[in-house]
Structures are given as C-alpha cells and as structure tokens.
Amino acid sequence: MPRDREHFILQGLGKAEVFKAKGGGAPKRPNDVANRAAHAHALLHALDHLPNVAAESRPGLYLEVEGRPGEVMVTSGLDASGLTLLKVEPAAADQQPARATIFASENGIGKLRQKIEDFREKNRTKQDGSVGRPYNADLVQSIGAIVEAGLRALWRSPELKFPEGNDTRPWEIWLDKTDAADFIAGAPDYGVAISADRLEFPEDIVIIGTATNEALALAVRRLAGVRALAAPTVTADYFDALEIEEQVEWIDALAARTTFHDAADPNYITLLDRGVSRAHPLIAPALAVADRHAAEPGWGLDDLVGHGTQLAGLALFGDLAVALQTMNPIRVRHRLESAKIIPDAGHNPHHLLGAVTRAGINAVEGNGDRRRTFAMANTTEDDSPHDGAPTSWSSEIDQLTSGVSGEKKIKRLMLVSAGNTNQNLFGNDDYLSVCDQAEHEVESPAHAWNAICVGAFTDKNVLPQGEVGAALAPVGDLAPSSRTASWSSHWPLKPDVVFEGGNWLVDGAPPPMKHPSLSLLTTDHQFPLRAFTTTGETSGATALAARAATEIWSDYPDLWPETIRALLVSSARWTPQMRSHLPGNPAKGDYGPLFKRYGYGVPDLERARRSASNALTLVVQDTITPYRKADKPATQHVHNEMKLFELPWPVEELRKLVDAPVSLRVTLSTFIDPNPSEPARGSKFRYASHNLRFKLNRPNENQAAFLARISKAAEQPDGPVVEEDDNWTFGRNRRDVGSLHIDELVCPASDLARRNLLAIHPVAGWWKTKTVPDPENHSARFALIVEIDAGETNAELYAEVQAVIESLNVVAAAV
C-alpha cells in the first residue's frame, strides 16, 4: 500500500496514575566465614598496618578492599559516613574476587574499625528473643583483604592502557565536586600541571593533569577529591580520500535541477568535524558564510583535509552516484552549518574531547535558535575497550543531548558514527568474525545513551566490467568497516541503525582493499581541482543518517528531538541477509548477534515519514514526574506516577481480519541526564537520571487487572498478580536498556483488537536517590511511537483510527 498519509500526532491522551514498583527478592549476601574471630582479627591487623592519617597530615586514605573468593560482595556499608565508594569491580570468571576502591577519612577508618570489632563481639537479637546474626555481618564477611590503593585502583580506562614507567604524561582526572577547587589549586605544588579544560557532571568535575606517575600519586595521597583516573582521548585518524576524474559539466547539470530550500525557518544539519569548504557549487547554496564556526576562535574555518566536505555532500544529496544518474528534479529542504572541532594539525591531543565538542556546539548555537541535527563522525579508540560503560566524552554527549550542558539548556538531536575497523586485521573471508571481535568494539563516544549511534551496512557489490576481484561483504550485510558492540545487554544496544558505508575488494593477498566503485560518491574539498571523491565507512553512513533524520524533521517540524530519534530508529528493519544469520525458529537470545552488528537495522525513510491505509503510526509526546519524596523519612525517594494511554484503536477493522497476523511495534524514547561517577558506571540505574519502561495489556485484560499487574498501588486484593506475557519478539533483556526501548509482536488481528492499553512507568534512576533534594520538581519528557502494520492485507485501519481520534479530540494541529 502506498505510504501517503501523515502520522497521527496525539496530545492530551495520557492519564497520570499513582505508581509503586513491585518489590524484588531478598538481596544476596556472603556465606558465613568459618572462624568469625580469626576473620575479624585479620581485617583489624590490616587496618593497623595502614599509614597513620593524622601523623602524616593526610586528608584520608585510598583503600582497595578485596572480596572473598567465590562470595558475593555487599558494598553498601563502604559508602557511609567517612567512607566514599569510588569504584566496584565485579568478580571475574577466573574466580578473581570482586574489588572496591574507597576513600576513607580518619573518622571513616575509625568507624570501619568499630564495625569490624562489633562483628567480632556482638550479635543481633531476633524478634523472638533468640540470638541473631553478628552485627555488620554482610559488610565484614564481604571483605577478604584491605590494603592502601595505588593509582591503578583508581583507573577507569582499559587495564592495558594504564601508563607504565614514570614519564611525564597527561591524565584524565575525575574529581569530587566539593574537593575539586582545592585539588586544582594544590596539584601544581606536587608537580601536576592542570589544563584549562573542564567537564562537569552531577557528582564529578573532570580535568586534564600532566604529571609523572610518582608526582600524581603524591598529589592524590596528599589532596582529597580524586574519584577516578583515565586516559585522555585522541581522535581516530581518518581515511585518505580516493580520487576519481569527473567533469565540471556534471556539477552544472546537477545544480541546474536542484532546488535549495529558501524558507525562513528551515532545518539544519550541523557537521561537527574538520570544517567544510564553500568553494564547491553543490555546497555553497546551502552553507552561508556566517554558518561556519570553530570550537576555538583561532582555528581556520576551511576544510584542509576533506573529510568535512565529503560529509557535507552526502548530508545534502546522499550518494551522488545516485543523484547524478537520475534526471529527476532534486529538492534540498535543509541547510548546512559547520563547527570545526578538530584542528588542521589532525587531532586534539590531550584535550577533553567532550569540552571541545561542547565548544563547537556553543559556537554554532550563538548564531540563533534553529532546528539542528548534529552529526559527528569523530570517535576515539583510546577508550576501548570500554565495554559499554560511560566515558567522559560519551557522558558529555548525553549531557548535551539532554540539555543540561552547553550555553543553551535545550534538547539536541545528535548522531555519532560507530567508528571504523582496522583494515589490516582482515583476511579475505569470514569478515564478520573479525568485526565481532572485542578489538573492533564501538568506539567512544558512540555508546552515549541519548545519541543515535550509526553503523554501516552495504548494498554495493558491482565492479566495473572486466575488473578482477570480488566484493568482500554480501549485499545487505554489515559493511566490513563497521564496528560492533561487544558488551552484554546491561548497557544500551549499539549501534542503533546502519546506513550505507561501502564495501571492500578482495583481489590477491589480504587485507581486502577499498575501491571507488564500492564506495559513496561525494563532493571534494579541492574544487575546482577536483569535483568529486569517494568516501564511505561509518562516517559516510552518519552523514546519510543525519540527512534522513532531517527529512523526517522537515515533515514534522513541531516534534521533539527525542521523537525524531524514535521515528528514525523505529522504522529500521533487518535485511533478509542480516536475518539469514538467525536459526529457523529464533529464540529471544538468538537476536543478540544481530543487535550487536546492525542495531535495529536499516531505516525505512518512507515508513518513518508516512502511514498507509493498512499501516499506521501513532506519535505521542508527554511528560512524567517519575519520583517524589517518601511520606516518611527514607534512604531513597519513591516512585511517583505512571502514564496510562487508552490508544485510539482500529477495533472493527482488526476484527474483520479475524486471525490474520498483524504486527505491533512500540518505541519509547527519552533523554536521560547522565551521572558518570565511578560507582554509577557499573549500574544503568545509577548512571541515568530516570529509567522508563512500557507495558501493554493482554488480550483479555481490562484496565483494573492491567494496572494491578504493573503497580502495587493498583493491585486488587482478591486477584492474582499476572506477570507480563512473553509474546514480544525481542524481550526485556534487550528492550529494557538505554534510553530508547523498542519491541514488537506479531499476533492475530482479533487479539490485537483488545490490546489498546499502554502504560509508561519509571524504574530506578539517580533522581530517585537522596542526592536530589526535590525529585517532585524533576520531570522527564518522552516520546511514544506505536506502529500497527497489516502487511500485505488490505484494511482500512487508518480511516477508523482517524474517526476515533476526531471523536476524542486528541490529535494535534496538522503539521
């Protein structure tokens, strides 16, 4: 069916309901030690051999606390008065016990000693008067050893990147906010030079310090406030452009049939890159002189390398090889901006790349308020492997997108490339196994929660007639240049989507090579010396993705950035070639490799922009206040509300289809505020300000039963609590991660006719902790996309929904 109808944009549909999360099981605890007195004696002996804080005039000690082999480690008691939990490393598969790094003041050491002594000597009394467990049993029996921590215990980058020797080198230093000023002021006295760059997060300030290992270690011991250390990042090198000879007449012919948008309020694609050349006649009409900027005022605005100009051509026209071969008129409805964030020398050595990115965005936004799609094809391998855990750069991307960072506190739509593989590691076959290796993990900052991470696939396999060799990747599969996610489902699924990134040529001995015919054609920065060049990889894919997102935004200019993200990613599907890697009847776990390589697949721009008579999309934008203070004093705040939606549903048309299968896809998109403190890096519930989930009612489940199933506050006293059914395709392990949640189900149309109740509810986030004094003042926006698709079946689903919406008066003004 033709997709020629606007989506339904709904307002005023959500109803707030009191929400209380269902409780979980009892927390795990370590087994009892064999000899209680001996265990306590060993730990007290370890405390006796620590440096004397008072005698050495130190603010406290950094301690490394090792768990007991094979036992769970309870760390809550290590984050109490006088003790600050900085880092937790879970137990390794080789039976290496869990470890925690803490900072202990003199008072904190004394309290830890007292807890151990109480464990040795005192027992709790049960309600019936009998003897209970020892005092502090979970805490003390979690600890196997206590020693003073060195710099390595504070290291949050990959272990292999810890600096050896004692050379002077830059360090990324994470500081507690309350102690940051004193550390910055005092560090030079110990031989640590502090740069001017700053990144600020909810619990941390990140700086760059240059020092030897010994000098930094002395400053850390003598000055309070260091929470973590990391390697400063350096951007990855870009590939050299491959030249092709073209005639200027091609430019003139294409320009003659291209209409550039001249409206007063167009959308903009803002390229955060190496600058863009305006000399090219295909770029100049869409890029004003005043719309080129730089993160540093002293940098030139031209593109001396070519990468930014290559992306500009793709962002405007897509693959020029297609545009040149079609004689149809072309309408470019958006314009360009450029923000140079990489100097002409090649990279930003030893800078906080989050700060440079923020400076580039600030420079652009100083030129006025616009609808901007930020596209950044710059990543770093220096934070790999990060295993999906936040880095300073990815956390700043999350802050910029959520609107808590930058001179203007606004939400931002941002796309980041997944990063490119090392071509020299490939043979001439089985390239997917190389792409899947941990060495080719998605690079920082593309794993940011709120940004769209763009990987690459390829449909290119045609070589010129008579040319020897063959394309490495089959049509519709992963581009060999595209990195993949090596981490588990604990962190967000990345990449989110894939776009065309070109293929490689197999001809002779490995490694396979890039080839112009298997690449994307785009604009060259050296015009008129060169008109075109070829490019690709995840950089080219990111430019194409930015173009697609901006096309959607041009159709629906009143939608939020988080909504445009949802529409783009929700439209993605895996190609038949991608799905060929699944078994015949896939279980939920079988989809894991596909998510790690392709995300949700290749977006369908037609699906993202328009509905059809038998396939419709409902778009909801709403807000929720997830948490509030507890009625009684408590350690943490409590859940506040959920939003219940009774969706306008094509009930009669679905019933007419009887048992014909139809598909439902639900997408929930929100932008979280990040908290990348070291303890939070190990928990998705502490990194994100809020976490939201969606639930759908079952075919025979009325509103009361549905609410009872998902909220304690609505449970009926006489009815059983029914768990969520398992008809979803992807399942909660892959749906309930990150800030973008997508799942789908295929069911008989008659069943779907009875499933129009959908709830959005919160789970834990750092807004729920006591660090936020006023949770009731923290609301979160979210976008909800609901797609119903009858496939090849004729049905008037759209018409019936339109009639229901008009009767409810919940549709927004036409856009």
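Residues numbered from 1 in each chain as written. Predicted model: local features only at pLDDT ≥ 70, side-chain atom pairs only at ≥ 80, totals over all residues. Heavy atoms only, no water.

Trainee: I'm lost on the sheet that holds strand β35 (residues 691–696) in this one. Help?
Mentor: One open sheet holds the four strands; their spatial order is β2-β33-β37-β35, and the pairing between them is antiparallel. Both edges of this open sheet fall to β2 (14–18) and β35, since each of them pairs with a single strand only. Pairs of neighbouring strands in the sheet enclose a mean axial angle of 25 degrees, with direction left out of account. Judged from the four bridges that link them, strand β33 (residues 641–646) and strand β37 (residues 757–763) form a sheet pairing that is antiparallel. (Pairing = 2+ DSSP bridges. Helix = DSSP H or I, 4+ residues; strand = E, 2+ residues; numbered from the N terminus. Axes fitted to C-alpha atoms, helices over the stretch in contact; angles between N-to-C directions.)

Trainee: Can you walk me through the nonpolar core in this structure?
Mentor: A general trend in soluble globular proteins is that nonpolar side chains are found buried together. Of all hydrophobic cores here, the largest spans 84 residues; its most connected members are Phe317 and Phe499. Broken down by element, this core gets its largest block of residues, nine residues, from helix α12 (residues 537–555). Core analysis: the next-biggest nonpolar cluster, separate from the first, contains 43 residues, Trp649, Leu668, Ala749 and Ile805 among them. (Core = buried A, V, L, I, M, F, W, Y, C linked by side-chain atoms within 4.5 Å. Buried < 20%, exposed > 50% of the residue type's maximum accessible area, 1.4 Å probe, protein only.)

Trainee: Is there a simple way to explain the sheet that holds strand β27 (residues 513–514) in this structure?
Mentor: Backbone hydrogen bonds hold the strands of a sheet together, and the pairing may be parallel or antiparallel. The antiparallel open sheet is built from three strands, whose spatial order is β23-β26-β27. Since the sheet does not close on itself, it has two edges, and those belong to β23 (470–471) and β27, each with one partner. Bridge count between β23 and strand β26 (residues 504–506): two bridges; the pairing is antiparallel. When the sheet's bridge partners are listed, alanine 471 is paired in β26 with leucine 505.

Trainee: What is the right way to look at unusual backbone geometry in this model?
Mentor: Glycine aside, the phi torsion of most residues is negative, and most peptide linkages are trans. Geometrically, the link from serine 444 to proline 445 is a cis peptide bond, its omega value of 10 degrees lying close to zero. On the secondary structure map, proline 445 appears in the loop between α11 (431–435) and β22 (452–458). A cis geometry characterises the amide bond from proline 510 onward to proline 511, with omega recorded as 5 degrees. Positionally, proline 511 belongs in the loop between β26 and β27. Unlike most non-glycine residues, aspartate 430 shows phi in positive territory, near 45 degrees.

Trainee: Explain the packing of helix α7 (residues 307–317) against α12 to me, please; I cannot follow it from the model alone.
Mentor: Axes are the key here: two packed helices are described by the angle between their axes and the distance separating the axes. Contact geometry of α7 with α12 gives a least axis separation of 8 Å together with a crossing angle of 35 degrees. At the point where α7 passes α12, the crossing takes the right-handed sense. Contacts between α7 and α12 involve His307, Leu311, Leu314, Ala315, Leu316 and Phe317 from the first element and Ser539, Gly540, Ala543, Leu544 and Arg547 from the second. The residue inventory of the contact of α7 with α12, partitioned by class, reads seven nonpolar, three polar and one charged. (Left-handed = near helix turned anticlockwise from the far one by under 90°. Contact = heavy atoms within 4.5 Å. Nonpolar A, V, L, I, M, F, W, Y, C, P; charged D, E, K, R; others polar.)

Trainee: Looking at this structure, how should I read the environment of glycine 599?
Mentor: Residue position: glycine 599 is located in the loop between α15 (592–598) and α16 (605–609). Through-space distance from the C-alpha of glycine 599 to that of lysine 494 is 5.7 Å; in sequence the pair is 105 residues apart. Beyond its immediate chain neighbours, meaning those up to four positions away, glycine 599 contacts Pro495, Asp496, Trp574 and Leu594.

Trainee: I would appreciate a short explanation of the side chain of glutamate 500 in the present structure.
Mentor: In this fold, glutamate 500 is placed in strand β25 (residues 497–500). Here glutamate 500 sits buried without a salt bridge, and the closest side chain of opposite charge, lysine 460, lies 5.4 Å off (N-O distance). A distance of 2.9 Å separates a polar atom in the side chain of glutamate 500 from a polar atom in the side chain of threonine 458. Here glycine 502 takes part through its backbone nitrogen, which lies 2.8 Å from a polar atom of the side chain of glutamate 500. Discounting chain neighbours no more than four positions away, the residues touching glutamate 500 are Phe457, Thr458, Asp459, Lys460, Leu520, Glu537, Gly540, Ala541 and Leu544. (Lys, Arg positive; Asp, Glu negative; His and termini not counted. Salt bridge = Lys/Arg side-chain N within 4 Å of Asp/Glu carboxyl O. Polar contact = N/O pair within 3.5 Å; in protein donor to acceptor, adjacent residues only side chain to side chain.)

Trainee: Honestly, the environment of arginine 755 in this entry has me stumped. Any pointers?
Mentor: In this fold, arginine 755 is placed in the loop between α21 (749–752) and β37. The buried category is assigned to arginine 755, whose relative accessible area is 1%. Between the alpha carbons of arginine 755 and proline 583 there is a distance of 29 Å; along the sequence they are 172 residues apart. Separated by 2.7 Å, the side chain of arginine 755 and the backbone oxygen of asparagine 697 make a polar contact.

Trainee: What am I meant to see in the pattern of salt bridges here?
Mentor: A pair can form between side chains of opposite charge whenever their charged atoms are brought close. Using the criterion set out here, one finds 54 salt bridges in the structure. The salt bridge partner of arginine 227 is aspartate 204, with a shortest N-O separation of 2.7 Å. With a gap of 23 residues between them, arginine 227 in strand β13 (residues 226–230) and aspartate 204 in strand β12 (residues 204–211) connect regions that are remote in the sequence. Here arginine 227 and aspartate 204 have matching classes, each one buried. The partner of arginine 754 in a salt bridge is aspartate 751, with the nearest N and O atoms 2.8 Å apart. For arginine 754, a relative accessible area of 34% translates into the label partly exposed. Put simply, Arg3, Arg573, Arg607, Glu787 and Asp789 are held in one network by salt bridges that share partners.

Trainee: Is there a simple way to think about the side chain of threonine 535 in this case?
Mentor: Mapped onto the elements, threonine 535 comes out in strand β29 (residues 532–535). Exposure remark for threonine 535: the relative accessible area of 5% places this residue in the buried category. Reaching out from threonine 535, the side chain makes a polar contact with the side chain of glutamine 310 at a distance of 3.2 Å.

Trainee: Can you help me understand the packing of aromatic side chains in this one?
Mentor: What describes a pair of aromatic rings is the distance from one ring centre to the other and the angle between the planes of the rings. The full count for this structure, using the stated rule, is 19 aromatic pairs. A centroid spacing of 6.2 Å and a plane angle of 70 degrees characterise the contact between phenylalanine 162 and tryptophan 171, whose relative ring orientation is edge-to-face. On the basis of relative accessible area, phenylalanine 162 is assigned to the buried category, the value being 10%. A ring pair is formed by tryptophan 449 and tryptophan 491, whose centres lie 6.3 Å apart and whose planes are at 70 degrees; its orientation type is edge-to-face. Here tryptophan 491 lies in the loop between β24 (477–478) and β25 and tryptophan 449 lies in the loop between α11 and β22, a separation of 42 residues in the sequence. Look at tryptophan 449 and you get buried, because its relative accessible area is 3%. (Phe/Tyr/Trp six-rings, centres within 6.5 Å; stacked < 30°, edge-to-face > 60°.)

Trainee: I'm lost on the packing of helix α1 (residues 36–48) against helix α2 (residues 106–121) in this one. Help?
Mentor: It is the contact of α1 with α2, at a shortest axis distance of 9 Å, that shows an interaxial angle of 165 degrees. Here α1 lies roughly antiparallel to α2, going by the angle between them. For α1 against α2, the interelement crossing comes out left-handed. Contact residues: α1 offers Arg36, Ala37, His39, Ala40, Leu43, Leu44, Leu47 and Asp48, while α2 offers Leu112, Arg113, Ile116, Glu117, Phe119, Arg120 and Glu121. A per-class count over the contact of α1 with α2 returns eight nonpolar, one polar and six charged. (Parallel < 35°, antiparallel > 145°, perpendicular 65-115°, else oblique.)

Trainee: Please explain the environment of alanine 38 as it appears in this structure.
Mentor: With respect to the element layout, alanine 38 can be found in helix α1. Of the residues examined, alanine 38 reaches a relative accessible area of 40% and is grouped as partly exposed. With 240 residues separating them along the chain, alanine 38 and arginine 278 place their C-alpha atoms 76 Å apart.

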